[in-house]
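Results of the structural survey
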Amino acid sequence: MAIADSALSSSGQSNIPPSADLLVIGSGIMGLWAAIKAARAGLSVTLLEEARVASGASGGLLGALMPHMPDRWSDKKQFQFDALLSLEDEVRLLEDETGLSCGYRRSGRLIPLPKPHLRPIAERHSKDAQTAWATSDRAFAWNVLETSPQPDWLTPDIGASGVVHDTFAARVSPRGLTGALRAFLIRQPNARLIEGEGVAALRTDHVRLTNGERIAFGHAIVAAGHRSFDLLGQIGPPLPKPLGSAVKGQAALLKADLDPSLPVIFLNGLYIVAHEGGHVAIGSTSEDVFEDPFATDHRLDDLIVRARELSPVLADATVVERWAGLRPKAIDRDPMVGPHPDAPRVIALTGGFKVSFGLAHSLAECALGLMTDGPRTVPDSFRLDHHLQVALRQQ
Ligand SMILES: Cc1cc2nc3c(=O)[nH]c(=O)nc-3n(C[C@H](O)[C@H](O)[C@H](O)COP(=O)(O)OP(=O)(O)OC[C@H]3O[C@@H](n4cnc5c(N)ncnc54)[C@H](O)[C@@H]3O)c2cc1C
C-alpha cells in the first residue's frame, strides 16, 4: 500500500515533528484494528490509550456477531456480510501470528418464533438468505425449524410457531480478540503503544496529552469510542451537535458445563452466547439515560432471569461476572467513518454501537484507505459527512 503524499507532509502550524505517520486515539476494537492494519501496511503508527487497552466498551463479555436480516438487501447489509465473512480469516491469521485464541466460532443462532405471524416472515427470510447469504463458494441458511433443536439449551416452550436457525451468525471472545490484537501490535517494530496517557486536546495536526506533552501526526484516526464525538468537535468552527451519544449496556457471565459450539440464542434484545471454557454470556440492556455508567443493577438481574427461563440448562448456573460499558452511538445510528470537514488528516472511526466487533477490521481498512491509496469505501450512511448532515437537520 502506498502512502499518499499528504500523509508524510510535515505539520504546517505547530513545528512539532511528526511522531508517526499515523496516530490512533483509543485502543478499543476500532483503534486496535486500525493500528494493526496500518502496521501491516508498513506505516509507522502510535496507538494512544488513556487507560488500558480495551478498557472501554470493547472489554466486555458478549461478542455476538449477528448478521442483518437477509431481506431488502442493501450496500450496508452487503458491507456487513462481507465483514462478518472475512473476520473468520482475520482471526485465523491473528491466532497463527500470536498463538493466542480469540474464542471465535461460527456457531449460528437460534431465534424462537413465539407468535404465528412471525412464521411466514421467517419463511420469506429463508428464501432471501439463499441469494443474499451466498458467495461463489459458500452459502449460509436461515432455516425455519418446527421446534428447538436443543431443548435443554433453548426451551421449546417459547417457540410456539417454530424456531429460526441461522447458520451465519458467530461469536468471538471480546477479551480474547482484543488481547490477541494487543499482543500482535506490540511485537511490530513500526508500532508504538502508549497506555495511561489520553488526548486532552485534538488539533488539525497534533494532539495535546493529559500530561501536557504534544504529539504531531501525519494522520490521526479518532477511535475513542463514545468520547470521539466530543474530540471531533474540538477542531475548527463548531460542528453541529450532538454527533453521537453513549448508550449504556449491562451484561453478565455465567459458568455452566456446556458445549461451546451451541448456537447463540436471540429473543427481543436478549442474547445468550455460549463461549469456550464453560462460560455463557448474557446481555444486554440498552440505556440512553443512566446515573452510573459502570454500575450493574436490577435491569441485569431481569435479563438473567429471562435467560434462565429461556435456557433450562442455565437454571442454576453461577454468575461469575457482572459488567457494564458505554457503546458509541452516532447520531444516525450507523458507524461513523470519514475525514473531519475542517481537518482532512483527522479521520473518524467510531459509532459501531452494537455491532463493532463484526465490522471494525473492515471499517479500519476504509479509514486507512482515506490516507493511502486503498480501494475500500464505506456505505454512504456510515460516512462522517452523512452524520454531520443529519446533525445539522436536527439542530
Ligand atoms: C453490554 C454490551 C454488550 C455488547 N455486545 C456486543 C456484541 O455482542 N457484539 C458487538 O459487536 N458489539 C457489542 N457491543 C458494542 C461494542 O462493545 C462497542 O461497539 C465497541 O466495543 C466500541 O468499540 P470502540 O473501539 O469504538 O470503543 P471503546 O471500546 O469504548 O474504545 C475506546 C477507547 O478509547 C479510549 N479513550 C477515550 N477517550 C480517549 C482520549 N481522550 N485519549 C485516549 N484514549 C481515549 C478509551 O479508554 C477506550 O479504551 C456491546 C456493548 C456493550 C456495552
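This is a predicted model, so every value here is computed, not measured.

A word on the domain arrangement of the chain. For the chain, the domain assignment lists domain 1 (5-59 + 175-244 + 332-394) and domain 2 (94-170 + 245-328). For domain 1 and domain 2, the distance between their C-alpha centroids amounts to 30 Å. Taken together, the contacts link 22 residues of domain 1 with 15 residues of domain 2. Buried area between domain 1 and domain 2, both sides added, is near 1600 Å², and the carbon and sulfur share of it is 63%.

Another point: unusual backbone geometry. Cis geometry is found at the peptide bond from K241 to P242, where omega equals -5°. For the bond from G283 to S284, the omega torsion is -10°, close enough to zero to count as cis. If you trace the backbone, S284 turns up in the loop between β16 (279-283) and α7 (298-310). A positive phi is found at A54, a non-glycine position, where the angle reads about 55°. By relative accessible area, A54 is classed as buried at 13%. Positive phi values are uncommon outside glycine, yet R72 reaches one of about 40°. On the secondary structure map, R72 appears in the loop between β3 (64-65) and α3 (75-98). You can call R72 exposed: its relative accessible area is 73%.

Counted at 1.5 Å a residue, the expected span for α7 with its 13 residues is 18 Å, and the 18 Å between its end C-alpha atoms agrees. Of the positions making up α7, those classed as buried are L300, L303, I304, A307 and L310. Along the axis of α7, the buried positions cluster into a sector of 125°, meaning they face one direction only. Looking at the buried side of α7, the elements it contacts are β13 (244-255), β14 (264-267), β15 (270-274), β16 and β17 (318-330).

Here we take up the UniProt feature "domain: FAD dependent oxidoreductase" (unreviewed entry) in the chain. According to UniProt, the positions carrying the feature "domain: FAD dependent oxidoreductase" (unreviewed entry) are residues 21-365. The annotated region residues 21-365 carries 27% helix and 28% strand content, and the separation between its end C-alpha atoms amounts to 16 Å.

By nearness alone, 36 residues border the ligand, and E49, S58, A64, F353 and S356 come closest of all. In this structure, V199 approaches the ligand through a main-chain N or O atom, which is 2.9 Å from a nitrogen atom. Measuring from a nitrogen atom of the ligand, one finds a side-chain N or O atom of R227 at 3.4 Å. When isolated, the ligand has an accessible area of 1000 Å², and the protein chains bury 96% of it. Mapped by element, the contributors of at least two residues to the shell around the ligand are α2 (29-40), β2 (45-49), β13, β17 and α8 (356-369).

Calculation notes
- Residues numbered from 1 in each chain as written.
- Predicted model: local features only at pLDDT ≥ 70, side-chain atom pairs only at ≥ 80, totals over all residues.
- Heavy atoms only, no water.
- Domains from an automatic or database assignment.
- Contact = heavy atoms within 4.5 Å.
- Buried area = accessible area lost by both parts, 1.4 Å probe.
- Helix = DSSP H or I, 4+ residues; strand = E, 2+ residues; numbered from the N terminus.
- Buried < 20%, exposed > 50% of the residue type's maximum accessible area, 1.4 Å probe, protein only.
- Expected span 1.5 Å × (residues − 1).
- Arc of directions from axis to C-beta.
- UniProt positions renumbered as here; feature names shortened; annotations may be inferred.
- Near = heavy atom within 4 Å.
- Polar contact = N/O pair within 3.5 Å; in protein donor to acceptor, adjacent residues only side chain to side chain.
- Areas by Shrake-Rupley, 256 points an atom, 1.4 Å probe, with all protein chains shown as cover.

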